[in-house]
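Each chain is listed here by its residues.
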Amino acid sequence: MPSMYITVPYRSSSAIKNLQVDALNSKALCTFTNGKVYEYENVSKRAIINVLFNPDVSLGFWVNNNLVNTERANQSPELSDKLFTESLKQRTAQLPQFA
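Please read these numbers as outputs of a predicted model, since none were measured by experiment.

A.B. asks: Is there a simple way to think about the packing of aromatic side chains in this case?
C.D. replies: To describe a pair of aromatic rings, one takes the distance between the centres and the angle between the planes. Counted by the stated rule, this structure contains one aromatic pair. Centroid distance F32 to Y38: 6.0 Å. Interplanar angle 75°. Geometry classified as edge-to-face. F32 gets classed as buried once you look at its relative accessible area, which sits at 16%. A relative accessible area of 15% means that Y38 is categorised as buried.

Right under this line is the structure:
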């Protein structure tokens, strides 16, 4: 199933630059302020919904509890912010053509 990341509305954070989540596939993509990007799998769907709809949740607190310091989520190797941005630019939607 393709990933459908949703960007979590920005909240000030000294450690997190950007957080994107995919509740259907239980994934999260976190960009830290130092430029490192990590993808996490098997993230709690309940936690993903909570961070999307509860603006009072701290991004740093959420990332620490649900991605970094948990046995549930699996971290992928580091993705470069530049490489990730380039891969997004290369993706184009293929719309159906009607005659």
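A.B. asks: Would you mind showing me how to read the pairing of strand β2 (residues 16-22) here?
C.D. replies: With respect to burial, β2 is a largely interior element, five of its seven residues being buried. In terms of strand pairing, strand β1 (residues 6-7) meets β2 through two bridges, oriented antiparallel. Paired with T7 across the two strands is Q20, which belongs to β2. Relative to strand β3 (residues 27-32), β2 runs antiparallel, the two being bridged by six bridges. Looking at the pairing, Q20 lines up with L29 of β3. What sits between β2 and β3 in their antiparallel hairpin is a turn of four residues, with S26 showing a positive phi close to 55°.

About the thresholds
Residues numbered from 1 in each chain as written. Predicted model: local features only at pLDDT ≥ 70, side-chain atom pairs only at ≥ 80, totals over all residues. Heavy atoms only, no water. Phe/Tyr/Trp six-rings, centres within 6.5 Å; stacked < 30°, edge-to-face > 60°. Buried < 20%, exposed > 50% of the residue type's maximum accessible area, 1.4 Å probe, protein only. Helix = DSSP H or I, 4+ residues; strand = E, 2+ residues; numbered from the N terminus. Pairing = 2+ DSSP bridges.

Scope: geometric values only; no functional claims are made or implied.
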